[in-house]
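Structural characterization, general
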Amino acid sequence: MTNTNKLVGKNVLITAGAQGIGESITRHFIDCGANVAIHYFSSADTANQLKEYADSKGQKAVVISGDLTKEADANTLVKQTVEALGGLDILINNAGSLVARKLLSEMETEFWHKVMDINLTSMMFVTRAASPYLAKNENSSIVNLASLAGRKGGHPGSLVYSTSKGAILTFTRALSTELGAQGIRVNAVSPGLILGTSFHNTHTTKESAAETTAGIPIQRAGNAADVARAVLYLASEYDGFITGATLDINGGVYNM
């Protein structure tokens, strides 16, 4: 990308920034000269490796653990980010999980709330804490990670996951209206089949992946870097008239 120099020196917080798509996003921001706050829940080793990578390039980096379904942890994450980096320009809301596949007939109330909290409530907590700091800049950006499942409904057993990801699309549009006057753009990316991540390694069988790939117009599945490049595009300042949008990353499976 020819515009990535606009990210040099920017302060970026990436939730779940040390695993799967999040790890790739973090590496791409580091390669573009940004300072990064790397949140993790269970991927401490990778988070520390990413910090060392940023350090080797002379950029600021901090590693912060936390359970973002807890309001206090989300508030602490943002506070420690600002203290370590000196401010906040970009928030990447990447944390989320399918957790397990459950049909409606199997759905326990506790499980429903758990997945909604992981994917949606945590995003609200972090964004609410971060928005006053983002508003201090002339140009700030939020990018939310949604999913093709939020568009199409997902495969059987992903009812609550798909519902939460669909809600993120609406959350993004609503926030773009609410925060626009503060100079904060809010967009989302909606990835389809992204192989090579723990998410699909855990929840997608090889047979299902092959069947899905066969139906992708460009005849390949996506990878984490495909998503990371799109996130950087939306986060960068040069596209400053784009807000409230969702960029689909699915090889042409869903193009409405």
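Our subject is the structure listed above.
Here's what I pulled together on the structure shown here. (Residues numbered from 1 in each chain as written. Predicted model: local features only at pLDDT ≥ 70, side-chain atom pairs only at ≥ 80, totals over all residues. Heavy atoms only, no water.)

1. A short note on the overall build of the protein chain
Regarding its fold elements, the protein chain presents 9 helices and 7 strands. Compactness check: the protein chain gives a C-alpha radius of gyration of 17 Å against a globular reference of 18 Å for 256 residues, within 12% of the reference. Taken along the three principal axes of its C-alpha coordinates, the protein chain extends 50 × 40 × 40 Å. Scored against the burial criterion, the 256 residues of the protein chain give a buried share of 50%. Counting every atom, the protein chain has about 11,600 Å² of accessible surface; 52% of that belongs to carbon and sulfur. (Helix = DSSP H or I, 4+ residues; strand = E, 2+ residues; numbered from the N terminus. Rg over C-alpha atoms; globule rule 2.2 N^0.38 Å. Buried < 20%, exposed > 50% of the residue type's maximum accessible area, 1.4 Å probe, protein only. Areas by Shrake-Rupley, 256 points an atom, 1.4 Å probe, with all protein chains shown as cover.)

2. Things to note about the pattern of salt bridges
Between side chains of opposite charge, a pair can form when the charged atoms approach closely. The final tally for this structure, using the stated rule, is 8 salt bridges. A salt bridge links Lys51 to Asp55; the nearest nitrogen and oxygen atoms lie 2.9 Å apart. Of the two residues, Lys51 and Asp55 are both situated in helix H2 (residues 44-56); the distance of 4 residues between them amounts to about one turn of the helix. Note on Asp55: relative accessible area 38%, which makes it partly exposed. (Salt bridge = Lys/Arg side-chain N within 4 Å of Asp/Glu carboxyl O.)

3. What about the packing of helix H3 (residues 71-85) against helix H4 (residues 109-134)?
One can describe the packing of H3 onto H4 by two numbers: an axis separation of 8 Å at closest approach and a directional angle of 30°. By the criterion of interaxial angle, the relationship of H3 to H4 is roughly parallel. The way H3 lies across H4 gives a crossing that is right-handed. In this structure, H3 contributes Glu71, Ala74, Asn75, Leu77, Val78 and Val82 to the contact, and H4 contributes Phe125, Val126, Arg128, Ala129, Ala130 and Tyr133. Taken together, the residues that form the contact of H3 with H4 break down as 9 nonpolar, 1 polar and 2 charged. (Axes fitted to C-alpha atoms, helices over the stretch in contact; angles between N-to-C directions. Parallel < 35°, antiparallel > 145°, perpendicular 65-115°, else oblique. Left-handed = near helix turned anticlockwise from the far one by under 90°. Contact = heavy atoms within 4.5 Å. Nonpolar A, V, L, I, M, F, W, Y, C, P; charged D, E, K, R; others polar.)

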